[in-house]
Amino acid sequence: MALSDIAAGLEVTAKQKNHGVATVDDTERDLHDRLAAFSDALPCETEMAVCIVEAHAAGASVGESARRAGVAPMTAAKTLHLLGVNGISPLSSMGHELVQDWLSANLSRSEAFTLSGASETEFALATFIETHEPLDGAAETVESALALDGQASVEKRDVLAETMSDVGDLL
């Protein structure tokens, strides 16, 4: 098959039809209202979940987000996981495979725990993550409510650059 055969029937036009963009404007509902739909499945009150999500989206660590919300770091981590936030697990993919092997009875808990190199708290969080899927629709709800435009990434990058600059000055 030649290129001319592939291109047969193709047309080049000078302009495109504008079909518009389908949008849904739901700006009247804030994050609290949106998360209220998930309140029964979250390990903390909706107000605390809002605080955790907003702090984390602004670049705060899980521990700092928990402190701001007045909850335990484990509660904040579980809340973020259930709301579909990625990167919450303290274990590597190999550590998660060990937890999965334990859960499927291919390893004893003590073997999986020892091989993972995790602390009790880290192992418990990884177990929670492996046994609880994020809530359906929660990630999309959080993203749309916050209208994340990359600000948290920019702030984290700036803080990291400043830290690296400070380290360079020390060396």
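Everything below is about the structure printed above this text.
Worth saying up front: this structure is predicted, and the values here are computed from it rather than measured. Residue numbers restart at each chain and count upward from 1, following the sequence in its written direction. Reporting in this predicted model follows two pLDDT cut-offs: at least 70 for local features of residues, and 80 or more for side-chain atom pairs to be given and counted; totals over whole chains, interfaces and linings ignore these cut-offs and use all residues. Computation of side-chain values: all heavy atoms of the structure, hydrogens and water removed.

Asks: A description of the packing of helix H3 (residues 46-57) against helix H4 (residues 62-69) should follow, citing residues and the corresponding values.
Replies: Helix-helix packing: each pair is described by the crossing angle between the helix axes and the interaxial distance. Fitted lines through C-alpha atoms serve as axes, helices being fitted only where they are in contact, and the angles separating the N-to-C directions of these axes extend from 0 to 180 degrees. Here a strand is any run of E in DSSP of at least two residues, a helix any run of H or I of at least four, and the numbering for each starts at the N terminus. Put simply, H3 and H4 touch, their axes get as near as 8 Å, and they point 140° apart. For H3 against H4, the interelement crossing comes out right-handed. Residues Met48, Cys51, Ile52, Ala55 and His56 of H3 form the contact with H4, whose own contacting residues are Val62, Ser65, Arg68 and Ala69. All residues other than Ala, Val, Leu, Ile, Met, Phe, Trp, Tyr, Cys, Pro, Asp, Glu, Lys and Arg, Gly among them, are scored as polar; the first ten of these are nonpolar and the last four charged. Taken together, the residues that form the contact of H3 with H4 break down as six nonpolar, two polar and one charged. Each helix crossing is assigned a hand: it is left-handed if the near helix lies turned anticlockwise from the far helix by less than a right angle, otherwise right-handed if that turn is clockwise. Any two residues whose heavy atoms approach within 4.5 Å at even a single point are treated as in contact.

Asks: Please set out the pattern of salt bridges residue by residue, giving values where relevant.
Replies: Here a salt bridge means any side-chain nitrogen of Lys or Arg lying within 4 Å of a carboxyl oxygen belonging to Asp or Glu. Taken as a whole and assessed by the stated rule, the structure comprises three salt bridges. Between Arg67 and Glu64 there is a salt bridge; the shortest N-O distance is 2.5 Å. With Arg67 and Glu64 both in helix H4 and three residues apart, the pair spans about one turn of that helix. The partner of Glu120 in a salt bridge is Arg109, and the shortest N-O contact between them spans 3.0 Å.

Asks: Talk me through a negative patch on the surface; I want residue IDs and the actual numbers.
Replies: Each patch groups residues whose relative accessible area exceeds 30% and which form no salt bridge, using 9 Å between like charges and 5 Å between nonpolar side chains of Val, Leu, Ile, Met, Phe, Trp and Tyr. Accessible surface is estimated by sampling points in the Shrake-Rupley manner with a 1.4 Å probe; for residues, cover comes only from the protein chains shown. All tallies of charge rest on Lys and Arg as positive and Asp and Glu as negative; His and the ends of each chain are not included. To locate a charge, take NZ of a lysine, CZ of an arginine, CG of an aspartate or CD of a glutamate. A cluster of acidic residues, Glu133, Asp136, Glu140 and Glu143, forms a negative patch at the surface. Categorising residues by exposure relies on relative accessible area from a 1.4 Å probe, with only protein chains included: less than 20% of the type maximum marks a residue as buried, more than 50% marks it as exposed, and the intermediate range marks it as partly exposed. For Glu140, a relative accessible area of 53% gives the class exposed.

Asks: Kindly report on the nonpolar core, identifying the contributing residues and their values.
Replies: With 24 residues, the main nonpolar core has Leu35, Leu42, Ile52, Val53, Val71 and Leu83 as its most contacted residues. Not counting chain neighbours up to four residues away, the residues in contact with Leu35 comprise Thr46, Ala49, Val50, Val53, Leu83 and Val142. The set of buried Ala, Val, Leu, Ile, Met, Phe, Trp, Tyr and Cys residues whose side-chain atoms join them within 4.5 Å is what this entry labels a nonpolar core. Counting residues in each nonpolar core, the second largest holds eight residues, with Leu98, Val99, Leu107 and Phe123 among its members.

Asks: Tell me about the packing of aromatic side chains, and please be specific about residues and values.
Replies: Within 6.5 Å between ring centres, the rings of Phe, Tyr and Trp (the latter by its six-membered ring) count as paired, and their orientation is classed by plane angle as stacked under 30 degrees, edge-to-face over 60, tilted in between. In total, this model carries two aromatic pairs according to the counting rule given. Aromatic pair Phe113 and Phe123: ring centres 5.6 Å apart, planes at 90°, arrangement edge-to-face. Placement of Phe113 in helix H7 (residues 109-116) and of Phe123 in helix H8 (residues 120-131) is noted, with a sequence separation of ten residues between them. For Phe123, a relative accessible area of 1% corresponds to the buried category. One aromatic cluster in this structure is built from Trp102, Phe113 and Phe123. By definition, being over a ring means that NZ of Lys or CZ of Arg is both within 6 Å of the ring centre and within 35 degrees of the ring normal. Between the NZ or CZ atom of Arg109 and the centre of the ring of Trp102, over which it lies, the distance is 5.9 Å. Over the face of the ring belonging to Phe113 we find Arg109, whose NZ or CZ atom lies 5.4 Å from the ring centre.

Taken by themselves, the reported measurements are silent on function.
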